[in-house]
Amino acid sequence: MTVALFTLGGTIAMAGTGAGGVVSRLTGADLTAAVPGLADIPLDVRDVEAVPSAALAYRQILDLVDAAGAAVADGAAGVVVTQGTDTLEETAFLADLLWPHPEPLVFTGAMRNPTLAGPDGPANLLAAARVAAAPAARDLGVLVAFNDEIHAARFVRKTHSTSTATFASPNAGPLGHVIEGAVRLLARPPRHAPLPPVDRDRLAATRVALHTVTLDDDLALLDSLAPGLDGLVVAGFGVGHVPPNFAPALGGLAARMPVVLASRTGAGSVLRDTYGAVGSETDLRRRGLVCGGLLDPYKAKVLLRMLLAGGADRPAVAAAFARHG
């Protein structure tokens, strides 16, 4: 029961210091050698690309999903991916939109690099490997294992810049825990069907922007985003509100491209029909904006870009957000 391990760099793989701070130097073999108990799980270690997660692009994650799928086809019981945490909530969700296999694909990383006291990388890697090898974790899609908690990629958020308990699922809670080395699943949310494959070149050319609305916001900033866009995500106040003067402009944009309304709060859903003032969620939906539901703005942007790169029209975009949000 081999688990495939793909390493992408990040804090979990950093060791030593350079002129500018810690640098990425650990290979997958280095990582696994430093983890007590990991020898009990047969690993097929594959070093992919040691880059900060801020340097990752969609194409690399799509290639990784393909490689992970090939590993499963070759007999791997599951797959672990190690990467930096800065974009992990987005890369894991992107992978989840595409992952068709029952075998677990588990993302993990670290908040404390190995040069610090109490680095969390070894424990997170061990937990992720145990989850990837566990029959109980099958048919759950892409997961994130961190701090001995198991999260669904579609729910998880990075909620703190430095805490080792940074990953949480505010709207759902963890699906389970790793307790005394055993994987304990407490919830099994139904999976969504994966999106169809997209052309890499078309994906690279698909432009989706995210605008977060702020107090006394400047409409000119929104106007400056519009030229050349294929889609837009607006992170509104609270349950999905924007300043009144933004409403006509967003309606105009929604007439030419999909505009998705999300909430900037970090938890909770955009509403649909509760408030009726100009700039409210009801008003914006009337003007053609798509309700993002429970998806946070970052995941909404990932989903919208993938849909548009796949050629989805406006009704298909709305239907997909109704499913995923």
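Presented here is a report on the structure given in the accompanying data block. (Residues numbered from 1 in each chain as written. Predicted model: local features only at pLDDT ≥ 70, side-chain atom pairs only at ≥ 80, totals over all residues. Heavy atoms only, no water.)

Things to note about unusual backbone geometry
Glycine aside, a negative phi is what most residues show, and trans is what most peptide bonds show.
In step 1: One non-glycine residue, Asp 139, lies in the positive phi region at around 65°.
In step 2: Along the chain, Asp 139 turns up in the loop between helix H4 (121-133) and strand S7 (142-146).
In step 3: For Glu 180, which is not a glycine, the phi torsion comes out positive at approximately 50°.
In step 4: Among the structural elements, Glu 180 can be located in the loop between strand S11 (176-179) and strand S12 (182-185).
In step 5: Residue Glu 180 is classed as exposed on the basis of its relative accessible area, which comes to 85%. (Helix = DSSP H or I, 4+ residues; strand = E, 2+ residues; numbered from the N terminus. Buried < 20%, exposed > 50% of the residue type's maximum accessible area, 1.4 Å probe, protein only.)

Details of the packing of aromatic side chains
In step 1: Taken as a whole and judged by the stated rule, the model has one aromatic pair.
In step 2: One residue, Arg 305, lies across the ring of Tyr 58, its end atom 4.2 Å from the ring centre. (Phe/Tyr/Trp six-rings, centres within 6.5 Å; stacked < 30°, edge-to-face > 60°. Lys NZ or Arg CZ within 6 Å of the ring centre and 35° of its normal.)

Points about the sheet that holds strand S15 (residues 259-263)
In step 1: The four strands lie next to each other as S13-S14-S15-S16, forming an open sheet whose pairing is parallel. Both outer strands of the open sheet, strand S13 (208-212) and strand S16 (290-291), are each paired with one neighbouring strand and no more.
In step 2: Across five bridges, the pairing between S13 and strand S14 (residues 231-236) is parallel. Looking across to S14, one finds that Leu 210 is bridged to Val 233. (Pairing = 2+ DSSP bridges.)

Observations regarding the nonpolar core
Nonpolar side chains tend to gather and get buried jointly when the protein is soluble and globular.
In step 1: With 53 residues, the main nonpolar core has Leu 105, Phe 107, Met 306 and Phe 321 as its most contacted residues.
In step 2: Setting aside residues no more than four positions away along its own chain, Leu 105 makes contact with Ala 68, Val 79, Val 81, Ala 95, Trp 99, Gly 141, Val 142 and Leu 143.
In step 3: Of all hydrophobic cores here, the second largest spans 28 residues; its members include Leu 5, Ala 128, Ala 132 and Ala 152. (Core = buried A, V, L, I, M, F, W, Y, C linked by side-chain atoms within 4.5 Å. Contact = heavy atoms within 4.5 Å.)

Concerning the pairing of S7
In step 1: When you tally the buried positions in S7, you get five out of five residues, the bulk of the element.
In step 2: Here S7 shows two buried faces, one formed by Val 142, Val 144 and Phe 146 and the other by Leu 143 and Ala 145.
In step 3: Two elements, strand S6 (residues 105-108) and S7, share three bridges in a ladder whose sense is parallel. Counterpart to Leu 105 in the pairing with S7 is Val 142.
In step 4: As for the winding sense of the linkage, the β-α-β connection from S6 through H4 to S7 is left-handed.
In step 5: Relative to strand S8 (residues 149-152), S7 runs antiparallel, the two being bridged by four bridges. Paired with Leu 143 across the bridge in S8 is Ala 152.
In step 6: The turn joining S7 and S8, which pair antiparallel and follow one another in sequence, is formed by two residues; a positive phi near 55° is taken by Asn 147. (Right-handed = clockwise from strand over helix to strand, strands pointing away.)

A few points about the packing of helix H2 (residues 58-73) against helix H3 (residues 88-98)
In step 1: For the pair H2 and H3, the least separation of the axes is 10 Å and the interaxial angle reads 50°. In terms of their interaxial angle, H2 and H3 are classed as oblique. Between H2 and H3 lies a crossing of right-handed hand. Between H2 and H3, the residues in contact are Tyr 58, Ile 61, Leu 62 and Val 65 and Thr 91, Leu 94, Ala 95 and Leu 98, respectively.
In step 2: Looking at the contact of H2 with H3 residue by residue, the classes come out as seven nonpolar, one polar and no charged. (Axes fitted to C-alpha atoms, helices over the stretch in contact; angles between N-to-C directions. Parallel < 35°, antiparallel > 145°, perpendicular 65-115°, else oblique. Left-handed = near helix turned anticlockwise from the far one by under 90°. Nonpolar A, V, L, I, M, F, W, Y, C, P; charged D, E, K, R; others polar.)

A few points about the packing of H3 against helix H9 (residues 297-309)
In step 1: Contact geometry for H3 and H9: axes closest at 10 Å, N-to-C directions at 40°. The pairing of H3 with H9 is recorded here as oblique in orientation. H9 is crossed by H3, and the crossing has right-handed handedness. For the pair H3 and H9, the contacting residues are Glu 89, Glu 90, Phe 93, Leu 94, Leu 97 and Leu 98 in the first and Tyr 298, Lys 299, Val 302, Leu 303 and Met 306 in the second.
In step 2: Looking at the contact of H3 with H9 residue by residue, the class counts come to eight nonpolar, no polar and three charged.

Considerations on the sheet that holds strand S1 (residues 3-7)
In step 1: Strand order in this open sheet of eight strands is S4-S1-S5-S6-S7-S8-S11-S12, and the pairing throughout is mixed. Of all strands in the sheet, those bounded by a partner on one side alone are strand S4 (43-47) and S12. Ignoring which end each strand starts from, the neighbouring axes of this sheet average 25° apart.
In step 2: Pairing of S11 with S12, which is carried by four bridges, proceeds in the antiparallel orientation.

Brief notes about the pattern of salt bridges
In step 1: Counted by the stated rule, this structure contains 12 salt bridges.
In step 2: Its salt-bridge partner being Asp 283, residue Arg 287 comes within 3.0 Å of it at the nearest N-O pair.
In step 3: Arg 287 gets classed as partly exposed once you look at its relative accessible area, which sits at 30%.
In step 4: With relative accessibility at 6%, the residue Asp 283 sits in the buried group. (Salt bridge = Lys/Arg side-chain N within 4 Å of Asp/Glu carboxyl O.)

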